[in-house]
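# Breakdown of the fold
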Protein chains: 2
Amino acid sequence: MKPTRILIADACPIVREGLRSWLRERAPGSEVCAVAATGLEAVAKAAELRPDIVLIDDRMPLLDGLAAATQIKRSRRGVEILIFSAALTPQRKGRIFRSSVSGALLKSEATEELLLALEAVRRHHRFRSHALTTACAKTSRTAERTDRLTNREIEVLRLIAAEHTTKEVASKLGVSAKTIEGHRTHLFQKLKVRSAVGLTRHAIRSGLVEL
Amino acid sequence: MKPTRILIADACPIVREGLRSWLRERAPGSEVCAVAATGLEAVAKAAELRPDIVLIDDRMPLLDGLAAATQIKRSRRGVEILIFSAALTPQRKGRIFRSSVSGALLKSEATEELLLALEAVRRHHRFRSHALTTACAKTSRTAERTDRLTNREIEVLRLIAAEHTTKEVASKLGVSAKTIEGHRTHLFQKLKVRSAVGLTRHAIRSGLVEL
DNA sequence: TAAGGAAAGAGTGAAAACAACCTTTTCCTC
DNA sequence: GAGGAAAAGGTTGTTTTCACTCTTTCCTTA
């Protein structure tokens, strides 16, 4: 049987070379035909070498993984693309899930999952790792809860999570501190948390504030 | 000659196993005696297995790389620690540079640099990669605070950031609430924040708590 | 158009969080 | 064995948080 030819795209040489050695050990039927350090490089090498599978990190310089994957797919439909990433925002997850890439998983998952994903996409299946789907469900629940909030509550939540005191929030929004306290109490109930710490965690999780 | 025993600590199984395979190929004099997925696990395994070198990612759950390294060094001075990370803030770089860890480099550097760094620390040299020093040079002028947190402070910080009240933290740790208040005040000063919200943001950012 | 309900704003009081001091003990380093 | 850092605890007083209640406005919808 002809070996499965894989193109590895990751910004870190340590990951690229580590993965190459690891695949040689654990996936004897495969062969790493090339590696790429940027999204542009991945697109170029995919066009040139026509690998069976492109294993690509979403976080890359010049062109991110999903954009590179889309370009690669466009130039040749047969290629299977497996995106793996260290961390993904809910928005990012959604875009990848709705895209035409063959597989998606997290770097934090066990290496067995990677082997499984590679085998799945090699056979032209569609693979979305369990960790990623549950992480998505969790964040969409968060989003669900967040969009039950009023605009005013979201404003207040963002300011509280940005480490502003009640007084500061009140003066920023031009109302009395007591009003902000009312909003805050309401937020506690809606989001089922007990303190500003819980609000902060929720705001960060739902992407309302930057870390 | 006895092989150099290495402990690998990284949050991603793909990096851990890739590195293990890669070292087997490229560093025949070495032997990966264990891997760890969290900072706490790294501390425990380092104490148990007494490796020659600990290769540790700075970004890790439960305890970040530098904090874990410090604990490991404290329990046994002979061990050599090599920190590698995908990205570092200037503050973080400064803290690592001023710490007692043996070596530091970026994941984005060539794998030859990693081999070189491993060989350097194996011979008890101090290694700071060129990429890291040049990136650090422009910012290290401004003497940022070297305030390292104590183990107890880290425990308290984690519990506060997990939405526990002062009373709860006190009873969990078996001390009086007043003591926790003292730790908390101290944390405010060291981390330059004003409230539990700031502590939470800091704890999440440094991977001390899960979101 | 009248009733109902959600949202915003605001007051009171108890319970915390917080600041700014201080003391004691232990453990580690020099 | 002196000195220093970490941990634990205490005192006093101020500020903030938070639950509870209340009014007004605005937007449905029957």
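Keep in mind that what you see is a predicted model, and the values were worked out from it rather than measured.

Further remarks concern the overall build of chain A. Counting secondary structure elements, chain A contains ten helices and six strands. Expressed as a percentage of its 211 residues, the buried residues of chain A come to 39%. Taking as baseline every contact in chain A between residues at least 6 positions apart, the subset at least 24 positions apart corresponds to 60%.

All right, on to the protein's contact with DNA strand C then. Around DNA strand C, the surrounding shell holds 19 residues, and the nearest of these are Thr150, Arg152, Ser176 and Thr179 of chain A together with Thr166 of chain B. Contributing elements (two or more residues each) for the surface near DNA strand C: helix H7 (151-161) and helix H9 (177-191) of chain A together with helix H8 (166-173) and helix H9 (177-191) of chain B. Class assignment of the residues belonging to the surface near DNA strand C gives a composition of three nonpolar, nine polar and seven charged.

Turning our attention to helix H10 (residues 196-205) of chain B. With seven of ten residues buried, H10 of chain B is to be regarded as a mostly interior element. Residues of H10 of chain B that are buried: Ala196, Val197, Leu199, Thr200, Arg201, His202 and Ala203 of chain B. Check the buried side of H10 of chain B and you find it contacts H7 and helix H10 (196-205) of chain A together with helix H7 (151-161) and H9 of chain B.

Quick look at the environment of leucine 19 of chain B now. Mapping leucine 19 of chain B onto the fold places it in helix H1 (residues 13-26). A sequence separation of 13 residues divides leucine 19 of chain B from valine 32 of chain B, and the C-alpha atoms of the two residues are 9.2 Å apart. With residues near it in sequence (within four places) discarded, leucine 19 of chain B still touches Ile14 and Gly18 of chain A together with Ile8 of chain B.

This part covers the pairing of strand S2 (residues 30-36) of chain B. Relative to S2 of chain B, strand S1 (residues 4-9) of chain B runs parallel, the two sharing six bridges. The partner of isoleucine 6 of chain B across the bridge, within S2 of chain B, is valine 32 of chain B.

Right, let's talk about the interface of chain B and chain A for a bit. Taken together, the contact pairs 32 residues of chain B with 32 residues of chain A. When residues of the side of chain B that touches chain A are traced back to their parent elements, those giving at least two are H1, helix H5 (111-122), H7 and H10 of chain B. Here the element with the most residues in the side of chain B that touches chain A is H1 of chain B; it accounts for nine residues. Along the lines of polarity and charge, the residues of the side of chain B that touches chain A split into 17 nonpolar, seven polar and eight charged.

Now for the sheet that holds strand S3 (residues 53-57) of chain B. With respect to topology, six strands assemble into an open sheet ordered S2-S1-S3-S4-S5-S6 (chain B), the strand pairing being parallel. On the outer flanks of this sheet lie S2 and strand S6 (127-128) of chain B, each paired with one strand and no other.

What follows covers the packing of helix H8 (residues 166-173) of chain A against H9 of chain A. All names here are of chain A. The N-to-C vectors of H8 and H9 enclose an angle of 110 degrees; their axes lie 8 Å apart at closest approach. The orientation of H8 relative to H9 falls into the category roughly perpendicular. Only Ala177, Thr179, Ile180 and Glu181 of H9 make contact with H8, whose side of the interface consists of Thr166, Lys167, Val169 and Ala170. Here the residues of the contact of H8 with H9 sort into four nonpolar, two polar and two charged.

Below, the discussion takes up the protein's contact with DNA strand D. Within the structure, DNA strand D sits among 19 residues, and Thr166 and Ser195 of chain A together with Thr150, Arg152 and Val175 of chain B are positioned closest to it. For the surface near DNA strand D, the secondary structure elements donating two or more residues are H8 and H9 of chain A together with H7 and H9 of chain B. Sort the elements by how many residues they give to the surface near DNA strand D and H9 of chain A lands first, with five residues.

In this section: the sheet that holds strand S5 (residues 103-106) of chain A. Strand pairing in a sheet is mediated by backbone hydrogen bonds. Such pairs are either parallel or antiparallel. Residues and elements named next belong to chain A. The parallel open sheet is built from six strands, whose spatial order is S2-S1-S3-S4-S5-S6. The sheet terminates laterally at strand S2 (30-36) and strand S6 (127-128), the two strands that pair on one side only. In the packing of helix H2 (residues 39-49) onto the sheet, the strands contacted are strand S1 (4-9), S2 and strand S3 (53-57), and the crossing angle to S2 comes to about 135 degrees. Here helix H3 (residues 65-75) sits on the sheet in contact with S1, S3 and strand S4 (80-85), set at roughly 175 degrees to S4.

Here we come to the packing of helix H1 (residues 13-26) of chain A against H1 of chain B. The N-to-C vectors of H1 of chain A and H1 of chain B enclose an angle of 75 degrees; their axes lie 7 Å apart at closest approach. Classified by the interaxial angle, the pair formed by H1 of chain A and H1 of chain B is roughly perpendicular. Contacts between H1 of chain A and H1 of chain B pair Ile14, Val15, Glu17, Gly18, Leu19, Ser21, Trp22 and Glu25 of chain A from the former with Ile14, Val15, Glu17, Gly18, Leu19, Ser21, Trp22 and Glu25 of chain B from the latter. Grouping the constituent residues of the contact of H1 of chain A with H1 of chain B by class yields eight nonpolar, four polar and four charged.

Reading guide: rules and limits
- Residues numbered from 1 in each chain as written.
- Chains lettered and ligands numbered in written order.
- Predicted model: local features only at pLDDT ≥ 70, side-chain atom pairs only at ≥ 80, totals over all residues.
- Helix = DSSP H or I, 4+ residues; strand = E, 2+ residues; numbered from the N terminus.
- Buried ≥ 20, exposed ≤ 12 C-beta atoms within 10 Å, placed from the backbone.
- Contact = placed C-beta atoms within 7 Å.
- Near = placed C-beta within 6 Å.
- Nonpolar A, V, L, I, M, F, W, Y, C, P; charged D, E, K, R; others polar.
- Pairing = 2+ DSSP bridges.
- Axes fitted to C-alpha atoms, helices over the stretch in contact; angles between N-to-C directions.
- Parallel < 35°, antiparallel > 145°, perpendicular 65-115°, else oblique.

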